[in-house]
Structure formats: structure tokens, C-alpha cells
Amino acid sequence: RLPSGSIRSGKLYIKLYEHGPRARARASRASRGDSQSHSDSHSASPPLASSSCVVSPPPPVALALVANNNNNNCIMGVTSHPLLAFTPIQASLGGLVLATAVTGKMALLGKVTGISGTVKGLILKSQKATNGAFVAGLVLAGNAIAVLRPEWVVVAAAAPVWRAVVAGVLVGAGTAMGNGCTSGHGLCGISRLSPRSIVATVTFMAAGVATATATKSMHALGYVTANTPPIAFAAPGAAFYLDAAVVAGTAAALYGAIAVAKGMLPCKKDNADPAYCSALEFATEFVSGATFAAGLGLSGMTSGAKVAGFLDSPLISKTWDASLMFVMGVALVPLTGVMMMIKQRSKEQKPPLLTSKYAIPTNSTIDAKLLTGAALFGAGWGLYGACPGPAIVQAAAQPGVNTLGFVAAMMAGQVAYENAMSSSS
């Protein structure tokens, strides 16, 4: 734990932890003002740039403190989630957890995981109430992350409120118009080899990069300054591997328990007890949402710094972070195989475990509406570094003007678009 009042910074700080004797030795030398602490910094981290980052007295467990103010950006030590670091292993393991969440929901309920569509459906009351359990899983998992792993969530608390609100409206309207975001089009659409989703993903990625680069999001959100050094590779510690294994193992066990419970009374048959079937559906949605939130945290998707750092063009940014490429890239490997099997089962009219049939999107239209919606979503994503799923987890873990404002604006954007479409028709 950080000693009370141990650090103050101009714009942003996050508590990051490191274990081990070398870390404790560095912290001890830094607290004594030993100049050698600079040369002893871990190779995966930039050197300590200012004594303002030193914690005194050093706690029992060495800390990695990130302070970003008007003059410096300094990092001491290495953690599983450094603010600015290349973390492909963490991203890959998080991607596998996301794939677990998507696979469980598809196998049990026959539904793709599209978070923007789920949120819009709840607002407009156009989807089953069980979808609310998925959002509840995201929120409660975000609450748990705030207590157990607060370093997984990084938000630009000092960014202008207008930026969060404008970005939220763009993300909401864009996902409503384009019918999807990084989960629906990115994970579930590409894994189905859907040309529509592939085009949408390429479009919103390009728009995100263009917007983040043009508006200098990393600087505007307070994550870097002109003096910030280039990022370097950072490997996870043993605790991170344990976290990933616990999350994936728990999700698999819970999905298995639901499947066993289904065996007691097949819910896809007409003579099944409706209340019992609904309870299993609610449980599946909740487990999927909570697992998805944990995967977002493990992968770094709930860190605005990593998202903005990824979207900031590598052509002009020395702090470009390629970590998030591994999230989707690794998740798509197992998901593509899963989706191919699901499509084959659907063709053979074999139902999922809990419902009567698979609800696989069939829209293949690539038109101006899709492209415009994807571009709007990408612009909002690049402006603030958040998309629907991570934004909900961030708001639950760190409720504030920007995080809550973004989510509220996102919902308002979705409603505004749907109302405009209803009026025009």
C-alpha cells in the first residue's frame, strides 16, 4: 500500500507494484538520494527522472510509481502493467481470456458478444432482459478490479471534460450506425471471416489512428510530455500469470457448472421450466461479462494510456505501443476455430446448450452507413482512448466526471442516432 500522502503529481498518477530484492534496493537508494539509483534501473523501464517520484520512507514492498506532471514523466521499477511499456505477453494472455468469455457465451447461448449492441438494446428495451446480466458482470468486475488490481485501470482524470463527452457521443452514434465495435466487429466478426466486419474494423482502426495522431491524444490526455523517453519491453511477474490462470480457470469452471445444471433440465425444449432456463441464461451472461471485463484488464484495454499509445501513429510517436495488436491477434486464433465449428453446427441445425438456435449475424452489406458509422466510432476511440466495453469497466472502477461522462455521452449518442432514424422513416 502507498503511505498516505506519499506522492503528488500535476496531472496523473497511478500506483504500480513490483516485488523483489532489487526493487527494494532501488527504492532504498533512491530515498537516500543515491545517484547510482539511476544506473541501476531495470532495463525495461526508463530511468528515474526526478526525485519527485521517490517514496519516502520506502514501504516493505517496493513500488513502481508513475508521475506525470508539467516537467517530467518518471518510472521507477517494473510491474505487470507499467503505464508506458511494450507488454505483448500481458496483452496475449488477456486476449485468450477474452476468447474464453466469447466462446462460453456462444457455446451456451448461441450469441455473439457485441457490447455496443447490448448496451443499445438495453437502453431501447429491444433485447432480452438477460443481456442486462452481461453489463452487470462488466460493472461488478470493474468494482472488483478497483479493489484487487487498481493498476489495471488507467484513465485521463485531468483531461478536458469536453474531450470525453465528444468522444462518447461519437462512439455511441458510430457504433449504433455501424452496428458494432471492437468486440462485435473485431473479435466476433473477423473470427467469423465476415467481410462486413473486416471492412468495419479496418475503417475504425484507420479513423482511430488518424484522430489520435491529429489531436495528439497521448499529450492531450496527459500521458506523455515532450521529455518522455521511448517505451521498452516489460515482462509480467509470476503474480500476473497466476491472475490470468485464476480468471480463465474460474470462467471455465463456471461455464461447466452451468452446462451441468442444464443437463438436469434441457432448456431448449418446450417443456423446460421458463424460470429455470432464464436463471441459467442470466448466469451465463453474468459470467461472460465478468470474464470479459477481467480480460480487458489483463490485456491493458482498460488503460487509456495503452489504447491512446497504440492509436498514436508510430510514424511520429516515439512512445507508440504495439501491445494491443496482440490482444485481438492472439484472441482470434482460437476464436476463428470456434466460430467455424459453430457455423457448421448451425448449418446442421444443432442448437447451443441453453437455447434453441444460434443467433449468428447474417447482414453482409457494406455500404456508406457502415463506413460512416465505423469512422465515427474510430474518431471517438482515438480522441479519448476508450470503446464501449473498457469504458464501462473504467467507469465502474474509477467513477469520475470523465469516465461517467463518456459512458453517459455514449448512450446519448446511441439514442440520438436511433431517434433520428425513427423520425426519418
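Reading the values: rules and limits
- Residues numbered from 1 in each chain as written.
- Predicted model: local features only at pLDDT ≥ 70, side-chain atom pairs only at ≥ 80, totals over all residues.
- Heavy atoms only, no water.
- Helix = DSSP H or I, 4+ residues; strand = E, 2+ residues; numbered from the N terminus.
- Buried < 20%, exposed > 50% of the residue type's maximum accessible area, 1.4 Å probe, protein only.
- Contact = heavy atoms within 4.5 Å.
- Areas by Shrake-Rupley, 256 points an atom, 1.4 Å probe, with all protein chains shown as cover.
- Patch = residues over 30% accessible without salt bridge, like charges linked within 9 Å, V, L, I, M, F, W, Y side chains within 5 Å.
- Salt bridge = Lys/Arg side-chain N within 4 Å of Asp/Glu carboxyl O.

A. Just the overall build of the chain, in detail. A count of helices and strands for the chain gives 15 helices and three strands. Relative to its 425 residues, the chain shows a buried fraction of 54%. Within the chain, residue pairs in contact and separated by at least 24 positions form 78% of the contacts whose partners lie at least 6 positions apart. Accessible surface for the chain amounts to roughly 17,300 Å². Of this, 64% is attributable to carbon and sulfur atoms.

B. How the structure looks around a nonpolar patch on the surface. A cluster of nonpolar side chains, V161, V165, V169 and V401, forms an exposed patch at the surface whose accessible area comes to about 290 Å². By residue number, the principal contributor to the nonpolar patch is helix α5 (residues 161–178), which donates three residues. Along the chain, V161 falls in helix α5.

C. Expanded view of the pattern of salt bridges. The tally for this structure, following the rule as stated, stands at six salt bridges. Two residues, K111 and E285, come together in a salt bridge whose shortest N-O distance is 2.5 Å. Note that K111 is positioned in the loop between α2 (88–109) and α3 (115–124) and E285 in helix α10 (residues 274–299), a separation of 174 residues in sequence. The buried category is assigned to E285, whose relative accessible area is 0%. R149 is the salt-bridge partner of D243, the closest N and O atoms lying 2.7 Å from each other. Separated by 94 residues along the polypeptide, D243 in helix α9 (residues 238–264) and R149 in the loop between α4 (131–148) and α5 bring together distant segments of the chain. Judged by relative accessible area, which is 14%, D243 ranks as buried. Residue R149 is classed as partly exposed on the basis of its relative accessible area of 28%. The network of salt bridges with common partners includes K105, K111 and E285.

D. Inspection of helix α6 (residues 182–191) at higher detail. The buried fraction of α6 is high, at ten of ten residues. One or two steps after α6, the chain reaches L193, where phi turns positive at roughly 60°.

Function cannot be inferred from these measures alone, as they are strictly geometric.
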